[in-house]
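# Architecture at a glance
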Amino acid sequence: MQLPLSLPVPAADAQAASQALQQLIIDDINNHAGWISFSRYMELALYAPRLGYYSGGAAKLGKDGDFTTAPEITPLFGQALAHVAANLFAQTGAQIMEFGAGTGRLAYDILSEYQAQGIALERYFIVELSGELRARQEELLKDFPQVQWLQQMPQAFAGVVLGNEVLDAMPVQLVIKTDGGWKECGVSVADADADSGPRFIYRERDCDPALVAQIPDAQALPSGYMTEVHPVAAGFMRSLAQMLCNGREASGKGAAAILIDYGFPAAEYYLEQRMQGTLMCHYRHHSHPDPFYLPGLQDITAHVDFSAMAIAASEAGLDVIAYMSQAGFLLEAGIGEILMRTPADDPLAYLPQANALQKLISPAEMGELFKVLILGTEVEADAGLSKLLRHDRSHRL
(Lines give C-alpha, C1' and ligand atoms only; values in the text may rest on other atoms or scores of the structure.)
Protein backbone atom coordinates (compact mmCIF):
# COMPACT_ATOMS: atom_id res chain seq x y z
CA MET A 1 0.00 0.00 0.00
CA GLN A 2 1.36 3.41 -0.96
CA LEU A 3 1.85 5.68 2.05
CA PRO A 4 0.13 9.08 1.68
CA LEU A 5 1.92 12.20 2.82
CA SER A 6 5.04 10.19 3.80
CA LEU A 7 3.33 8.84 6.89
CA PRO A 8 5.31 6.58 9.26
CA VAL A 9 5.38 2.90 8.30
CA PRO A 10 3.55 0.73 10.86
CA ALA A 11 5.14 -2.26 12.54
CA ALA A 12 4.54 -5.67 10.99
CA ASP A 13 2.02 -6.77 13.64
CA ALA A 14 0.07 -3.53 13.27
CA GLN A 15 0.07 -3.92 9.50
CA ALA A 16 -1.24 -7.46 9.88
CA ALA A 17 -4.03 -6.29 12.21
CA SER A 18 -5.03 -3.63 9.70
CA GLN A 19 -5.11 -6.19 6.89
CA ALA A 20 -7.32 -8.44 9.01
CA LEU A 21 -9.70 -5.54 9.60
CA GLN A 22 -9.69 -4.69 5.89
CA GLN A 23 -10.77 -8.25 5.13
CA LEU A 24 -13.51 -8.05 7.76
CA ILE A 25 -14.82 -4.86 6.13
CA ILE A 26 -14.58 -6.39 2.65
CA ASP A 27 -16.61 -9.38 3.88
CA ASP A 28 -19.21 -7.02 5.33
CA ILE A 29 -19.43 -5.14 2.03
CA ASN A 30 -19.82 -8.40 0.10
CA ASN A 31 -22.54 -9.51 2.51
CA HIS A 32 -24.46 -6.31 1.76
CA ALA A 33 -24.59 -6.48 -2.03
CA GLY A 34 -21.30 -4.67 -2.52
CA TRP A 35 -22.10 -1.45 -0.65
CA ILE A 36 -22.16 -0.23 2.96
CA SER A 37 -22.78 3.24 4.32
CA PHE A 38 -19.76 5.27 5.30
CA SER A 39 -21.14 5.22 8.84
CA ARG A 40 -20.88 1.42 8.85
CA TYR A 41 -17.34 1.59 7.46
CA MET A 42 -16.34 4.10 10.14
CA GLU A 43 -17.99 1.99 12.85
CA LEU A 44 -15.95 -1.05 11.85
CA ALA A 45 -12.73 0.92 11.39
CA LEU A 46 -13.02 2.39 14.87
CA TYR A 47 -14.91 -0.17 16.94
CA ALA A 48 -14.70 -3.68 15.40
CA PRO A 49 -13.86 -6.08 18.28
CA ARG A 50 -10.08 -6.45 18.81
CA LEU A 51 -9.28 -4.86 15.44
CA GLY A 52 -10.91 -1.41 15.40
CA TYR A 53 -8.96 1.69 16.30
CA TYR A 54 -10.60 2.16 19.70
CA SER A 55 -11.04 -1.53 20.49
CA GLY A 56 -7.53 -2.66 19.54
CA GLY A 57 -4.42 -2.53 21.67
CA ALA A 58 -2.41 0.37 20.25
CA ALA A 59 -1.81 3.55 22.24
CA LYS A 60 -4.17 6.30 21.07
CA LEU A 61 -3.39 9.40 23.09
CA GLY A 62 -0.41 11.46 24.12
CA LYS A 63 3.10 11.68 22.67
CA ASP A 64 3.18 7.96 21.81
CA GLY A 65 -0.27 7.95 20.26
CA ASP A 66 -1.94 9.66 17.34
CA PHE A 67 -3.36 12.85 18.86
CA THR A 68 -3.45 14.82 22.10
CA THR A 69 -6.54 16.06 23.93
CA ALA A 70 -6.86 18.95 26.37
CA PRO A 71 -6.52 16.81 29.53
CA GLU A 72 -3.27 15.40 28.14
CA ILE A 73 -1.91 18.91 27.65
CA THR A 74 -2.41 20.22 31.19
CA PRO A 75 -4.24 19.38 34.45
CA LEU A 76 -5.61 22.94 34.42
CA PHE A 77 -8.36 21.80 32.03
CA GLY A 78 -9.73 19.14 34.37
CA GLN A 79 -9.31 21.33 37.44
CA ALA A 80 -11.40 24.10 35.86
CA LEU A 81 -14.05 21.65 34.65
CA ALA A 82 -14.18 20.14 38.14
CA HIS A 83 -15.38 23.43 39.61
CA VAL A 84 -18.08 23.96 36.99
CA ALA A 85 -19.42 20.46 37.72
CA ALA A 86 -19.21 21.02 41.49
CA ASN A 87 -21.25 24.20 41.16
CA LEU A 88 -24.06 22.06 39.73
CA PHE A 89 -24.04 19.43 42.47
CA ALA A 90 -26.51 21.33 44.65
CA GLN A 91 -29.09 20.83 41.90
CA THR A 92 -28.02 17.48 40.47
CA GLY A 93 -26.41 15.51 43.27
CA ALA A 94 -22.68 14.83 43.56
CA GLN A 95 -22.22 12.27 40.81
CA ILE A 96 -20.31 12.47 37.53
CA MET A 97 -20.55 10.24 34.48
CA GLU A 98 -17.85 10.56 31.82
CA PHE A 99 -18.16 9.14 28.32
CA GLY A 100 -15.01 8.21 26.42
CA ALA A 101 -12.53 8.89 29.22
CA GLY A 102 -9.41 8.26 27.12
CA THR A 103 -6.40 7.52 29.31
CA GLY A 104 -8.36 8.57 32.42
CA ARG A 105 -6.41 11.80 32.73
CA LEU A 106 -9.47 14.05 32.90
CA ALA A 107 -11.03 11.88 35.62
CA TYR A 108 -7.73 11.87 37.50
CA ASP A 109 -7.44 15.65 37.43
CA ILE A 110 -11.06 16.17 38.49
CA LEU A 111 -10.85 13.64 41.32
CA SER A 112 -7.50 15.03 42.49
CA GLU A 113 -8.93 18.54 42.53
CA TYR A 114 -11.91 17.44 44.60
CA GLN A 115 -9.60 15.61 46.98
CA ALA A 116 -7.36 18.65 47.38
CA GLN A 117 -10.27 21.07 47.82
CA GLY A 118 -12.36 18.86 50.10
CA ILE A 119 -15.25 18.59 47.62
CA ALA A 120 -17.34 15.48 48.21
CA LEU A 121 -18.12 13.25 45.22
CA GLU A 122 -20.27 10.17 45.66
CA ARG A 123 -19.45 8.35 42.43
CA TYR A 124 -17.52 8.86 39.19
CA PHE A 125 -18.88 6.60 36.47
CA ILE A 126 -16.92 5.97 33.28
CA VAL A 127 -18.63 4.54 30.22
CA GLU A 128 -15.81 3.04 28.14
CA LEU A 129 -15.98 0.77 25.10
CA SER A 130 -12.23 0.27 24.63
CA GLY A 131 -10.67 -2.52 26.68
CA GLU A 132 -7.18 -1.08 26.16
CA LEU A 133 -8.22 2.37 27.37
CA ARG A 134 -10.15 0.94 30.32
CA ALA A 135 -7.03 -0.92 31.45
CA ARG A 136 -5.05 2.33 31.35
CA GLN A 137 -7.81 4.12 33.26
CA GLU A 138 -7.95 1.44 35.94
CA GLU A 139 -4.22 1.74 36.54
CA LEU A 140 -4.26 5.54 36.71
CA LEU A 141 -7.37 5.75 38.90
CA LYS A 142 -6.69 2.83 41.25
CA ASP A 143 -6.47 5.13 44.30
CA PHE A 144 -9.95 6.60 43.78
CA PRO A 145 -12.64 4.23 45.09
CA GLN A 146 -15.41 6.49 43.73
CA VAL A 147 -14.71 5.31 40.18
CA GLN A 148 -16.98 2.69 38.63
CA TRP A 149 -16.86 1.48 35.03
CA LEU A 150 -19.90 0.82 32.87
CA GLN A 151 -20.03 -0.92 29.51
CA GLN A 152 -23.08 0.94 28.31
CA MET A 153 -25.23 3.95 29.07
CA PRO A 154 -27.58 3.21 31.98
CA GLN A 155 -31.32 3.78 31.78
CA ALA A 156 -31.28 6.60 34.34
CA PHE A 157 -28.73 8.96 35.85
CA ALA A 158 -28.98 12.12 37.93
CA GLY A 159 -25.76 14.10 38.14
CA VAL A 160 -23.35 15.75 35.73
CA VAL A 161 -22.36 14.09 32.46
CA LEU A 162 -19.02 14.99 30.89
CA GLY A 163 -17.94 14.29 27.33
CA ASN A 164 -14.66 15.69 26.02
CA GLU A 165 -14.05 14.89 22.34
CA VAL A 166 -16.67 12.16 22.28
CA LEU A 167 -19.08 13.33 19.58
CA ASP A 168 -16.38 13.83 16.94
CA ALA A 169 -15.50 10.11 16.98
CA MET A 170 -19.05 8.91 16.33
CA PRO A 171 -19.66 7.45 12.85
CA VAL A 172 -21.00 9.88 10.25
CA GLN A 173 -22.84 9.47 7.00
CA LEU A 174 -21.45 11.10 3.86
CA VAL A 175 -23.67 12.86 1.32
CA ILE A 176 -22.81 14.56 -1.96
CA LYS A 177 -24.73 17.06 -4.08
CA THR A 178 -24.88 15.95 -7.72
CA ASP A 179 -26.55 17.35 -10.81
CA GLY A 180 -29.32 14.86 -10.10
CA GLY A 181 -29.75 15.89 -6.45
CA TRP A 182 -28.33 14.65 -3.16
CA LYS A 183 -26.79 11.16 -3.03
CA GLU A 184 -25.47 9.12 -0.13
CA CYS A 185 -21.78 8.32 -0.50
CA GLY A 186 -21.02 4.83 0.77
CA VAL A 187 -18.13 2.40 0.51
CA SER A 188 -17.48 -0.37 -2.01
CA VAL A 189 -14.46 -2.43 -3.05
CA ALA A 190 -12.61 -1.85 -6.29
CA ASP A 191 -11.24 -4.78 -8.24
CA ALA A 192 -7.90 -6.01 -6.98
CA ASP A 193 -4.76 -5.10 -8.86
CA ALA A 194 -1.36 -6.77 -8.80
CA ASP A 195 0.32 -4.06 -6.73
CA SER A 196 -2.10 -3.21 -3.95
CA GLY A 197 -4.86 -5.80 -3.91
CA PRO A 198 -8.47 -4.79 -3.16
CA ARG A 199 -9.04 -1.16 -2.22
CA PHE A 200 -11.96 0.77 -0.81
CA ILE A 201 -13.70 3.37 -2.94
CA TYR A 202 -16.64 5.73 -2.55
CA ARG A 203 -19.81 4.79 -4.40
CA GLU A 204 -23.01 6.84 -4.53
CA ARG A 205 -26.60 5.72 -4.26
CA ASP A 206 -29.96 7.43 -3.81
CA CYS A 207 -30.17 9.38 -0.59
CA ASP A 208 -32.85 9.30 2.08
CA PRO A 209 -34.06 12.94 2.24
CA ALA A 210 -33.93 12.75 6.04
CA LEU A 211 -30.13 12.55 5.85
CA VAL A 212 -29.79 16.07 4.47
CA ALA A 213 -32.47 17.60 6.69
CA GLN A 214 -29.84 19.03 9.07
CA ILE A 215 -28.12 20.99 6.25
CA PRO A 216 -29.46 24.57 5.98
CA ASP A 217 -30.29 25.59 2.40
CA ALA A 218 -29.13 22.20 1.16
CA GLN A 219 -30.57 22.74 -2.32
CA ALA A 220 -28.59 25.97 -2.76
CA LEU A 221 -25.21 24.26 -2.35
CA PRO A 222 -23.21 23.62 -5.55
CA SER A 223 -22.91 20.34 -7.40
CA GLY A 224 -19.94 18.34 -6.12
CA TYR A 225 -20.42 19.53 -2.53
CA MET A 226 -19.60 16.60 -0.20
CA THR A 227 -20.13 16.68 3.53
CA GLU A 228 -20.96 14.59 6.55
CA VAL A 229 -24.18 14.38 8.55
CA HIS A 230 -24.53 13.00 12.05
CA PRO A 231 -27.48 10.65 12.71
CA VAL A 232 -25.45 8.45 15.09
CA ALA A 233 -24.39 11.39 17.27
CA ALA A 234 -27.94 12.76 17.18
CA GLY A 235 -29.16 9.35 18.35
CA PHE A 236 -26.63 9.46 21.18
CA MET A 237 -27.99 12.86 22.20
CA ARG A 238 -31.53 11.49 22.31
CA SER A 239 -30.40 8.55 24.44
CA LEU A 240 -28.47 10.90 26.72
CA ALA A 241 -31.55 13.08 27.12
CA GLN A 242 -33.69 10.06 27.95
CA MET A 243 -31.18 8.87 30.56
CA LEU A 244 -31.08 12.28 32.25
CA CYS A 245 -34.85 12.74 32.15
CA ASN A 246 -35.30 9.26 33.65
CA GLY A 247 -32.76 10.16 36.32
CA ARG A 248 -34.67 13.31 37.18
CA GLU A 249 -37.93 11.40 37.49
CA ALA A 250 -36.37 8.66 39.63
CA SER A 251 -34.42 10.92 41.98
CA GLY A 252 -36.32 14.20 41.97
CA LYS A 253 -33.00 15.94 41.24
CA GLY A 254 -31.82 17.78 38.17
CA ALA A 255 -29.25 16.53 35.68
CA ALA A 256 -26.81 18.24 33.34
CA ALA A 257 -24.39 17.44 30.53
CA ILE A 258 -21.27 19.34 29.50
CA LEU A 259 -20.03 18.37 26.04
CA ILE A 260 -16.76 19.79 24.68
CA ASP A 261 -15.65 19.24 21.11
CA TYR A 262 -14.53 20.92 17.92
CA GLY A 263 -17.26 22.02 15.57
CA PHE A 264 -19.69 24.69 14.49
CA PRO A 265 -23.38 25.55 14.45
CA ALA A 266 -25.05 24.42 11.24
CA ALA A 267 -24.98 27.85 9.59
CA GLU A 268 -21.19 27.92 9.95
CA TYR A 269 -20.68 24.21 9.26
CA TYR A 270 -22.24 23.82 5.82
CA LEU A 271 -20.52 26.71 4.09
CA GLU A 272 -20.22 26.67 0.31
CA GLN A 273 -16.42 26.94 0.50
CA ARG A 274 -16.19 23.79 2.67
CA MET A 275 -16.67 21.59 -0.41
CA GLN A 276 -15.20 18.40 1.08
CA GLY A 277 -16.68 18.57 4.56
CA THR A 278 -14.59 18.21 7.72
CA LEU A 279 -13.67 14.52 7.74
CA MET A 280 -10.11 14.10 9.03
CA CYS A 281 -7.83 11.24 10.06
CA HIS A 282 -5.06 11.20 12.69
CA TYR A 283 -2.09 8.84 12.57
CA ARG A 284 0.94 9.34 14.80
CA HIS A 285 0.32 13.08 15.11
CA HIS A 286 -0.10 13.46 11.36
CA SER A 287 -3.45 14.67 10.00
CA HIS A 288 -4.67 13.68 6.54
CA PRO A 289 -8.01 13.23 4.75
CA ASP A 290 -7.92 9.55 3.62
CA PRO A 291 -10.23 7.36 5.75
CA PHE A 292 -9.23 4.24 3.79
CA TYR A 293 -5.58 4.40 4.83
CA LEU A 294 -4.64 1.57 7.24
CA PRO A 295 -8.07 1.03 8.81
CA GLY A 296 -7.80 0.26 12.50
CA LEU A 297 -4.50 2.12 12.90
CA GLN A 298 -5.78 5.68 12.56
CA ASP A 299 -8.49 7.79 14.11
CA ILE A 300 -11.30 9.03 11.86
CA THR A 301 -13.19 12.12 13.00
CA ALA A 302 -15.55 14.82 11.81
CA HIS A 303 -16.37 18.19 13.28
CA VAL A 304 -19.57 18.37 15.32
CA ASP A 305 -22.72 20.06 14.06
CA PHE A 306 -23.74 21.58 17.38
CA SER A 307 -27.09 22.73 16.01
CA ALA A 308 -28.06 19.15 15.22
CA MET A 309 -26.88 18.02 18.67
CA ALA A 310 -28.83 20.74 20.47
CA ILE A 311 -31.99 20.07 18.44
CA ALA A 312 -31.84 16.32 19.12
CA ALA A 313 -31.36 16.88 22.86
CA SER A 314 -34.05 19.54 23.04
CA GLU A 315 -36.61 17.45 21.18
CA ALA A 316 -35.89 14.61 23.64
CA GLY A 317 -36.58 16.77 26.70
CA LEU A 318 -33.41 18.64 27.67
CA ASP A 319 -32.96 22.38 27.95
CA VAL A 320 -30.12 24.09 26.12
CA ILE A 321 -28.49 26.04 28.96
CA ALA A 322 -25.50 27.47 27.11
CA TYR A 323 -23.26 27.16 24.07
CA MET A 324 -19.93 28.95 23.96
CA SER A 325 -16.29 28.81 22.93
CA GLN A 326 -13.87 26.74 24.98
CA ALA A 327 -11.92 29.92 25.73
CA GLY A 328 -14.91 31.68 27.24
CA PHE A 329 -15.89 28.61 29.21
CA LEU A 330 -12.45 28.00 30.71
CA LEU A 331 -11.76 31.63 31.56
CA GLU A 332 -15.08 32.00 33.40
CA ALA A 333 -14.49 28.63 35.05
CA GLY A 334 -11.45 30.18 36.75
CA ILE A 335 -8.62 28.52 34.85
CA GLY A 336 -6.50 31.67 35.14
CA GLU A 337 -6.84 31.69 38.90
CA ILE A 338 -5.97 27.99 39.03
CA LEU A 339 -2.81 28.70 37.04
CA MET A 340 -1.79 31.28 39.65
CA ARG A 341 -1.46 28.51 42.23
CA THR A 342 1.86 27.85 40.50
CA PRO A 343 4.27 30.64 41.51
CA ALA A 344 5.22 32.80 38.55
CA ASP A 345 8.70 33.22 40.02
CA ASP A 346 9.27 29.48 39.44
CA PRO A 347 9.63 29.55 35.65
CA LEU A 348 10.36 25.84 35.28
CA ALA A 349 6.99 25.04 36.82
CA TYR A 350 5.00 28.08 35.68
CA LEU A 351 5.94 28.55 32.03
CA PRO A 352 4.89 25.09 30.77
CA GLN A 353 1.48 25.52 32.40
CA ALA A 354 1.12 29.08 31.10
CA ASN A 355 1.97 27.88 27.58
CA ALA A 356 -0.52 25.03 27.89
CA LEU A 357 -3.22 27.46 29.02
CA GLN A 358 -2.49 29.63 26.00
CA LYS A 359 -3.02 26.62 23.72
CA LEU A 360 -6.39 25.92 25.34
CA ILE A 361 -7.75 29.47 25.08
CA SER A 362 -6.00 31.06 22.09
CA PRO A 363 -8.35 31.72 19.14
CA ALA A 364 -5.55 30.52 16.87
CA GLU A 365 -5.36 27.16 18.68
CA MET A 366 -8.17 25.41 20.60
CA GLY A 367 -9.92 28.38 22.17
CA GLU A 368 -12.31 29.19 19.33
CA LEU A 369 -12.51 25.96 17.32
CA PHE A 370 -13.58 23.98 20.39
CA LYS A 371 -17.06 24.69 21.73
CA VAL A 372 -18.92 23.79 24.91
CA LEU A 373 -22.58 22.75 24.89
CA ILE A 374 -24.31 22.65 28.29
CA LEU A 375 -27.66 20.87 28.54
CA GLY A 376 -29.87 20.06 31.49
CA THR A 377 -33.19 19.19 32.99
CA GLU A 378 -34.46 20.91 36.15
CA VAL A 379 -31.20 22.88 36.30
CA GLU A 380 -31.32 26.62 36.80
CA ALA A 381 -28.50 28.87 35.61
CA ASP A 382 -27.99 30.29 39.10
CA ALA A 383 -24.76 31.59 40.57
CA GLY A 384 -23.00 28.38 39.56
CA LEU A 385 -23.39 29.11 35.87
CA SER A 386 -24.27 32.79 35.67
CA LYS A 387 -20.72 33.90 34.82
CA LEU A 388 -20.55 31.36 32.01
CA LEU A 389 -23.70 32.77 30.46
CA ARG A 390 -21.88 36.00 29.64
CA HIS A 391 -20.32 34.03 26.79
CA ASP A 392 -23.47 32.25 25.67
CA ARG A 393 -23.91 31.89 21.89
CA SER A 394 -26.91 29.60 21.88
CA HIS A 395 -28.71 32.08 19.62
CA ARG A 396 -26.34 30.92 16.85
CA LEU A 397 -27.45 27.29 17.05
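Residues numbered from 1 in each chain as written. Predicted model: local features only at pLDDT ≥ 70, side-chain atom pairs only at ≥ 80, totals over all residues. Heavy atoms only, no water.

Before going further, it helps to examine the overall build of the protein. Each helix and strand counted, the protein has 12 helices and 15 strands in total. Relative to the 2.2 N^0.38 estimate, which gives 21 Å for 397 residues, the radius of gyration of the protein is 21 Å and therefore close to what a compact globule would have. In terms of overall dimensions, the protein has a C-alpha envelope of 65 × 45 × 40 Å along the principal axes. Taking all 397 residues of the protein together, 56% fall into the buried category. Counting contacts in the protein only where the partners sit at least 6 residues apart, residues at least 24 apart contribute 76% of the total. Working note: accessible area of the protein is about 17000 Å², and carbon and sulfur atoms make up 50% of it. Mean positive and mean negative side-chain charge positions of the protein (26 and 47 charges, respectively) differ by 2 Å. (Helix = DSSP H or I, 4+ residues; strand = E, 2+ residues; numbered from the N terminus. Rg over C-alpha atoms; globule rule 2.2 N^0.38 Å. Buried < 20%, exposed > 50% of the residue type's maximum accessible area, 1.4 Å probe, protein only. Contact = heavy atoms within 4.5 Å. Areas by Shrake-Rupley, 256 points an atom, 1.4 Å probe, with all protein chains shown as cover. Lys, Arg positive; Asp, Glu negative; His and termini not counted. Charge placed at Lys NZ, Arg CZ, Asp CG, Glu CD.)

This part takes up the side chain of histidine 288. Among the secondary structure elements, histidine 288 is positioned in strand E11 (residues 286-288). There is a polar contact of 3.1 Å between the side chain of histidine 288 and the backbone nitrogen of aspartate 290. (Polar contact = N/O pair within 3.5 Å; in protein donor to acceptor, adjacent residues only side chain to side chain.)

What follows concerns the pattern of salt bridges. Under the counting rule described, the total for this entry stands at 12 salt bridges. Within this structure, Asp28, Arg40 and Glu43 form a network of salt bridges that share partners. (Salt bridge = Lys/Arg side-chain N within 4 Å of Asp/Glu carboxyl O.)

In this fold, leucine 81 is placed in helix H4 (residues 75-92). Sequence-wise, leucine 81 and isoleucine 335 are 254 residues apart; in three dimensions their C-alpha atoms are separated by 8.8 Å. Apart from the residues within four sequence positions on either side, leucine 81 is in contact with Leu106, Leu162, Ile258, Ile260 and Phe329.

Ranked by internal contacts, the top residues of the largest apolar core, which has 54 residues, are Phe89, Ile96, Tyr114, Tyr124, Ile258, Phe329 and Ile374. Ranked by residues supplied to this core, first place goes to H4 with 10 residues. Leave out the neighbours within four places in its chain, and isoleucine 374 touches Ala257, Ile258, Asp319, Val320, Ile321, Ala322, Met324, Phe329 and Leu388. By size, the runner-up hydrophobic cluster in this structure holds 42 residues, among which are Ile29, Tyr225, Val229 and Phe292. (Core = buried A, V, L, I, M, F, W, Y, C linked by side-chain atoms within 4.5 Å.)

Attention now moves to the sheet that holds strand E12 (residues 299-301). The 3 strands lie next to each other as E11-E10-E12, forming an open sheet whose pairing is antiparallel. Of all strands in the sheet, those with a lone pairing partner are E11 and E12, marking the two edges. On average, adjacent strands in this sheet sit at an angle of 25° to one another, irrespective of strand direction. For strand E10 (residues 280-283) and E11, the ladder comprises 3 bridges, and the chain directions are antiparallel. In the sheet register, tyrosine 283 faces E11, and the bridge partner there is histidine 286. (Pairing = 2+ DSSP bridges. Axes fitted to C-alpha atoms, helices over the stretch in contact; angles between N-to-C directions.)

Our next topic: the pairing of strand E9 (residues 255-264). Here E9 lies mainly inside the structure; 10 of its 10 residues are buried. In this structure, strand E4 (residues 160-164) lies alongside E9, joined through 5 bridges in parallel fashion. Its bridge partner being in E9, leucine 162 is matched across the sheet by isoleucine 258. Alignment of E9 against strand E15 (residues 370-377), held across 8 bridges, turns out to be antiparallel. Within the sheet, the bridge partner assigned to alanine 256 lies in E15 and is glycine 376. The pairing of E9 with strand E13 (residues 304-305) spans 2 bridges and is classified as parallel. From the neighbouring strand, phenylalanine 264 faces E13, where its bridge partner is aspartate 305.

Turning our eyes to something else, we now look at the packing of aromatic side chains. Summed over the entire model, instances satisfying the criterion amount to 17 aromatic pairs. Ring centres of tyrosine 41 and phenylalanine 292 lie 5.1 Å apart, and the angle between their planes is 90°; this geometry places the pair in the edge-to-face category. Highlighted residues: tyrosine 41 in helix H2 (residues 38-47) and phenylalanine 292 in the loop between E11 and E12, separated in sequence by 251 residues. Tyrosine 41 gets classed as buried once you look at its relative accessible area, which sits at 0%. Ring centres 6.1 Å apart and planes at 85° place the aromatic pair phenylalanine 125 and phenylalanine 157 in the edge-to-face group. Of this pair, phenylalanine 125 sits in strand E2 (residues 123-127) while phenylalanine 157 is found in the loop between strand E3 (147-150) and E4, placing the two residues 32 residues apart along the sequence. (Phe/Tyr/Trp six-rings, centres within 6.5 Å; stacked < 30°, edge-to-face > 60°.)

Looking only at helix H6 (residues 131-140), the buried set comprises Glu132, Leu133 and Gln137. An end-on view of H6 places all buried positions within 135° of arc, on one side of the element. (Arc of directions from axis to C-beta.)

In this structure, isoleucine 119 sits in the loop between helix H5 (105-117) and E2. Isoleucine 119 gets classed as partly exposed once you look at its relative accessible area, which sits at 25%. Sequence-wise, isoleucine 119 and alanine 94 are 25 residues apart; in three dimensions their C-alpha atoms are separated by 9.3 Å.

On to the environment of alanine 218. If you trace the backbone, alanine 218 turns up in the loop between strand E7 (197-206) and strand E8 (226-229). With 41 residues separating them along the chain, alanine 218 and lysine 177 place their C-alpha atoms 8.6 Å apart. Sequence-distant contacts of alanine 218, defined by excluding residues within four places in its chain, comprise Lys177, Trp182 and Val212.

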